[in-house]
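Now for the letters of each chain:
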Amino acid sequence: MEFIENKVFDEIKIGDIATLTHTLTIEDIRLFALVSGDVNPTHMDTKYAEGQESHKVSGHSLWAGNLLSSLLGNQLPGPGTVYREQNLQFERQVFLGETIIVTITVKEKHEDDHLVVFNCRCENQDGEIIYTGCANVFAPSEKIKRPRAMLPEIHINMPGAQLERLVKMTEKFEPIRMAIVHPVDTNSLMGAIDAAKANLIIPVLFGPRGKITAIAEQEGVDINDYEIIDTEHSHEAAAKAVVMARSGEVEAIMKGSLHTDELMHEAIKRDTGITSSRRMSHVFLMDVPTYPRPLMVTDAAINIEPNLETKRDIVQNAIELAHALGVSEPKVALLSAVETVSSKMRSTLEAAALCKMADRRQITGGLVDGPLAFDNAVSFEAARIKKITSAVAGQADILVAPDLESGNMVAKQLEYLADAQSSGIVLGARVPIALTSRADSVLSRMASCALALLLVRNKKPQIER
């Protein structure tokens with residue numbers, strides 16, 4: 001066990017020195033911001049910082065100053081030290097990635113109250129001064145040796161960071177015309193307007209004009225620049241939106257305040273819908289703070305008990321979405337409860353068949369493996385313990401559920417137990433369909449629009465049927 005021990009007042013000599021070296025990381029900046037509440041964009045916003053004189057992200061000055069507390073409390077004098085006063089003069093900022101060396105030197109000792117005065121100096125790896133100053137502390141008179149406290153392991157989660165990056169990927173593209181079907185509640189209308197302001201979409205609003213304008217007036221927004229296709233009810237709104245998508249007048253569809261079944265009923269009609277040769281399927285794009293990459297979960301919304309042929313389309317749809325997001329060879333994990341093939345479990349048999357279909361190029365563009373249990377699909381350690389040799393295990397980009405129920409459970413558990421945020425899209429139709437929920441955040445709605453835009457701009461031709 002590691003111990004921490006002090007120097008009592010009588011042991012301290014004039015000229016005694018202690019030093020500490022630390023390299024500033026983005027985690028340091030975020031942790032200090034979290035504790036202090038200081039979210040100055042100089043420290044937190046890379047784009048803003050690049051526009052300043054330094055062109056770099058800098059750490060909080062007091063973060064560097066607080067390293068003195070570590071030196072005084074842990075080394076010299078160490079345990080039992082009580083702060084009295086600190087006075088620092090800062091000469092320059094500390095920039096991300098810089099290594100700093102903090103040095104304290106005993107300058108004075110006062111016998112009457114055990115006060116010790118330290119000269120303080122902080123410089124970077126090039127010898128440039130960060131700050132100088134002094135610190136006055138009351139040194140302990142009793143010898144203390146204690147086990148060093150075990151600090152908690154902290155992981156910095158940035159909720160929504162992956163979705164924000166997704167939205168930024170669209171900056172080079174022109175917005176798409178998107179049908180917003182029955183936006184007669186605040187979330188669906190404002191989500192469309194926010195996406196329009198972000199230059200993701202040009203919204204075409206389908207629904208009762210009176211209800212739409214009433215919501216806009218209630219929210220204090222001007223929608224005069226947006227086209228409204230006046231309809232009597234949600235069913236007519238869905239039908240007209242699908243007709244315009246079929247004719248190419250809109251490039252994508254977003255669900256507003258109506259049931260998913262109502263919209264999808266119009267979309268799958270053989271003669272008037274927007275089906276293609278590919279089976280439609282839904283993909284949740286999950287931003288899981290504890291996972292190092294965006295994670296797709298499919299199908300959790302449309303195909304209840306997909307057969308092998310449908311699963312083939314589900315996998316191919318998800319792979320093509322990954323391509324649109326810049327993942328050149330996505331890793332696809334075919335989920336089951338186990339990672340071995342068993343005649344008693346249909347999901348394992350179909351996973352094995354899908355892997356062979358990928359070998360025969362009936363599925364292309366990704367690395368496909370399964371069956372894999374959830375743990376070894378996302379955890380290298382779980383895969384190692386179970387001695388699974390796989391190019392997918394531990395690093396899946398796409399999780400393919402055996403059925404809708406299990407897929408929906410996985411997505412909802414990630415959202416409510418792992419603080420994941422999600423956006424969703426329907427693939428396999430002539431145009432992307434965003435099936436947003438009434439509970440979706442603004443960022444989730446914008447991310448769904450971004451998904452649709454990226455799909456349209458990276459679209460591969462689909463055979464109509």
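Residues numbered from 1 in each chain as written. Predicted model: local features only at pLDDT ≥ 70, side-chain atom pairs only at ≥ 80, totals over all residues. Heavy atoms only, no water.

What follows is about empty space enclosed by the protein. In total, this model carries one cavity of 30 Å³ or more according to the counting rule given. Roughly 50 Å³ of internal volume is contained in the largest cavity. Taken together, Lys 311, Leu 334, Leu 335, Ser 347, Glu 350, Ala 351, Leu 354, Val 400, Ala 401 and Pro 402 make up the lining of the largest cavity. Of all the secondary-structure elements, those providing two or more residues to the lining of the largest cavity are strand S14 (331-335) and helix H11 (346-359). If one sorts the elements of the lining of the largest cavity by residue count, H11 sits on top with four residues. A class-by-class count of the residues in the lining of the largest cavity yields seven nonpolar, one polar and two charged. (1 Å grid on protein atoms, 1.4 Å probe; cavity = no way out; pocket = protein on both sides within 12 Å on 5 of 7 lines; lining within 4 Å. Points joined across faces, edges and corners; volume = space filled by probe spheres on them. Helix = DSSP H or I, 4+ residues; strand = E, 2+ residues; numbered from the N terminus. Nonpolar A, V, L, I, M, F, W, Y, C, P; charged D, E, K, R; others polar.)

Take Thr 348: it is sitting in helix H11. For Thr 348, a relative accessible area of 0% puts it in the buried group. If sequence neighbours within four positions are ignored, Thr 348 has contacts with Ser 336, Val 338, Thr 340, Val 341, Ser 342 and Pro 371. (Buried < 20%, exposed > 50% of the residue type's maximum accessible area, 1.4 Å probe, protein only. Contact = heavy atoms within 4.5 Å.)

Spatial strand order, S2-S4-S5-S6-S3: five strands in an open sheet with antiparallel pairing. Edge positions in the sheet fall to strand S2 (17-23) and strand S3 (82-90), since each has one partner strand and no second. Across the sheet, the mean angle separating the axes of adjacent strands is 20 degrees when strand polarity is ignored. With eight bridges connecting them, S3 and strand S6 (residues 129-138) associate as antiparallel partners. Among the inter-strand pairings, Tyr 83 is bridged to a residue of S6, identified as Val 137. Sheet strands in contact with helix H4 (residues 61-74) are S2, S3, strand S4 (99-110), strand S5 (115-124) and S6, and its direction is about 55 degrees off that of S4. (Pairing = 2+ DSSP bridges. Axes fitted to C-alpha atoms, helices over the stretch in contact; angles between N-to-C directions.)

To continue, consider the nonpolar core. Counting 61 residues, the largest nonpolar core has Leu 200, Ile 201, Leu 321 and Leu 334 as the members making the most contacts within it. Excluding residues that lie within four positions of it along the chain, Leu 334 makes contacts with Val 315, Ala 351, Leu 354, Cys 355, Val 368, Asp 369, Gly 370, Pro 371, Leu 372 and Val 400. With 31 residues, the next largest nonpolar core counts Phe 9, Ile 12, Leu 88 and Val 94 among its residues. (Core = buried A, V, L, I, M, F, W, Y, C linked by side-chain atoms within 4.5 Å.)

Taken as a whole, this structure holds one aromatic pair when the rule is applied. Looking at Lys 56, its charged tip hangs above the ring of Phe 95, at a distance of 5.0 Å from the centre. A cation over an aromatic ring shows up here: Lys 145 above the ring of Phe 3, its NZ or CZ 5.2 Å from the ring centre. (Phe/Tyr/Trp six-rings, centres within 6.5 Å; stacked < 30°, edge-to-face > 60°. Lys NZ or Arg CZ within 6 Å of the ring centre and 35° of its normal.)

This part takes up the environment of Glu 142. Mapped onto the secondary structure, Glu 142 falls in the loop between S6 and strand S7 (145-147). Since its relative accessible area comes to 57%, Glu 142 is described here as exposed. Glu 142 sits 63 residues away from Pro 79 along the chain, and the two C-alpha atoms are 9.6 Å apart. If we skip the residues at most four places from it in the chain, Glu 142 touches Asn 6 and Val 8.

Across its 17 residues, helix H10 (residues 308-324) extends 25 Å between first and last C-alpha, which sits within 8% of the 24 Å expected from 1.5 Å per residue. Here H10 lies mainly inside the structure; 13 of its 17 residues are buried. The N-cap of H10, judged by a side-chain oxygen 3.3 Å from the amide nitrogen of Glu 309 a few residues on, is Asn 307. One or two steps after H10, the chain reaches Gly 326, where phi turns positive at roughly 90 degrees. (Expected span 1.5 Å × (residues − 1). Polar contact = N/O pair within 3.5 Å; in protein donor to acceptor, adjacent residues only side chain to side chain.)

Attention now moves to the packing of H10 against H11. Interhelical geometry of H10 versus H11 gives an angle of 55 degrees and a closest axis separation of 10 Å. Taken together, the axes of H10 and H11 lie oblique to each other. Seen from above, H10 lies across H11 with right-handed handedness. Here Leu 308, Lys 311 and Arg 312 of H10 lie close against H11, whose contacting residues are Glu 350, Ala 353, Leu 354 and Met 357. Along the lines of polarity and charge, the residues of the contact of H10 with H11 split into four nonpolar, no polar and three charged. (Parallel < 35°, antiparallel > 145°, perpendicular 65-115°, else oblique. Left-handed = near helix turned anticlockwise from the far one by under 90°.)

The subject of this paragraph is helix H6 (residues 186-197). An ideal rise of 1.5 Å per residue puts 16 Å on twelve residues; H6 measures up with 16 Å between its terminal C-alpha atoms. Those residues of H6 not exposed but buried are Ser 188, Leu 189, Met 190, Gly 191, Ala 192, Ile 193, Ala 195 and Ala 196. Backbone geometry just downstream of H6 places Asn 199 in the positive-phi region, at approximately 65 degrees.

A separate point is the confidence of the model for the protein chain. Per-residue confidence for the protein chain gives a mean pLDDT of 91, with 97% of residues at or over 70. For the protein chain, the element scoring lowest by mean pLDDT is helix H5 (residues 161-168), at 77; strand S16 (residues 398-400) scores highest, at 98. Scored below 50 in pLDDT, residues 461-465 makes 15 contacts in the model with residues more than four places away or belonging to other chains. (pLDDT = per-residue confidence, 0-100.)

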